[in-house]
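# Residue-level structure breakdown
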Amino acid sequence: ANASIDLIFESNLLDSLDEKIEIITAALAPLGEHPNIGDIRQCGMMLGIELVADRTGPEFFNPDDRVGVAVCRAALKHDIIIRPLGDVITLMPAPAMDIATLRRLLDGVVKTINEYFK
């Protein structure tokens, strides 16, 4: 445990978090007006992307349709693994994730959602 704490401080991991949080916010901003996104909730590097049938209501999907699961399965073709909690896609990237990998994850999420709800 002490070695892990030393590594966090030696690598300046905490100093890189603000930039990563900003990258996440900016990368997902285009989904903010998507007709099938009810809300994007973010707390630091953790977020939930709520999938809805129609954001104007909002009108939710029938839980039996398991839309969140289908979207997560569709993400595999972009070589990313994401998980749903019902119809909310949850992302919790590791704080130590490098920026290139973080961008690849976020690009894959945006592409997956846009393709699934074409």
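Residues numbered from 1 in each chain as written. Predicted model: local features only at pLDDT ≥ 70, side-chain atom pairs only at ≥ 80, totals over all residues. Heavy atoms only, no water.

## With respect to the packing of aromatic side chains
Defined as follows: Any two rings among Phe, Tyr and Trp, with Trp reduced to its six-membered ring, count as a pair given centres within 6.5 Å; such a pair is stacked if its planes are under 30 degrees apart, edge-to-face if over 60, and tilted if neither. Only DSSP runs of H or I with at least four residues qualify as helices, and only runs of E with at least two residues qualify as strands; both kinds are numbered from the N terminus onward. Throughout this description, buried means an accessible area under 20% of the type-specific maximum (1.4 Å probe, protein chains only), exposed means over 50%, and partly exposed covers the range between.
Within the structure shown, the criterion is met by two aromatic pairs. Relative to phenylalanine 117, the ring of phenylalanine 61 has its centre 5.9 Å away and its plane inclined at 20°; by these criteria the two rings are stacked. Residue phenylalanine 61 is found in the loop between strand S2 (46-51) and helix H3 (67-75), and its partner phenylalanine 117 is found in the segment after helix H4 (99-116); the two are separated by 56 residues along the sequence. Its relative accessible area of 18% is what places phenylalanine 61 among the buried residues. According to the relative accessible area criterion, phenylalanine 117 is buried, its value standing at 16%.

## A short note on the pairing of strand S4 (residues 88-91)
For the record, the criterion: A pair of strands is considered paired only if DSSP assigns at least 2 bridges between the two.
Residue alternation in S4 divides its side chains into two sets, Val88 and Thr90 and Ile89 and Leu91, and both sets are buried. Note: S2 against S4, four bridges, orientation antiparallel. Among the inter-strand pairings, glutamate 50 is bridged to a residue of S4, identified as valine 88. Here strand S3 (residues 83-85) folds back onto S4 in antiparallel fashion, the turn holding two residues, of which glycine 86 has a positive phi close to 65°.

## Considerations on a nonpolar patch on the surface
To keep things clear, this is the line we draw: Patches in this entry comprise residues that are over 30% relatively accessible and not in a salt bridge; like charges within 9 Å are linked, as are nonpolar side chains (Val, Leu, Ile, Met, Phe, Trp, Tyr) within 5 Å. All accessibility values rest on the Shrake-Rupley procedure with a 1.4 Å probe; residue burial counts only the protein chains present in the view. Just to be clear on terms, a salt bridge is a Lys or Arg side-chain nitrogen sitting within 4 Å of an Asp or Glu carboxyl oxygen.
Taken together, the side chains of Ile5, Ile8, Phe9 and Leu14 make up a nonpolar region of the molecular surface, amounting to roughly 380 Å² of accessible area. When residues in the nonpolar patch are grouped by element, the largest group, three residues, is from helix H1 (residues 2-10). Mapped onto the elements, isoleucine 8 comes out in helix H1.

## Examining the sheet that holds S4
For clarity, the threshold we go by: Note on method: axes are straight lines fitted to C-alpha atoms, helices fitted across the in-contact stretch only, with angles between N-to-C directions ranging 0 to 180 degrees. When checking whether two residues touch, look at their non-hydrogen atoms; a contact exists if any pair is within 4.5 Å.
The antiparallel open sheet is built from four strands, whose spatial order is S1-S2-S4-S3. A strand with exactly one partner marks an edge of an open sheet, and here the two such strands are strand S1 (37-43) and S3. Averaged over all adjacent pairs, the angle separating strand axes in this sheet is 25°, with direction ignored. With three bridges joining them, S3 and S4 adopt antiparallel strand pairing. Residue pairing across strands places arginine 83 opposite threonine 90, the latter belonging to S4. Where H3 meets the sheet, it contacts S2, S3 and S4, and its direction lies at approximately 170° from that of S3.

Shape is all these values report; function is a separate question.
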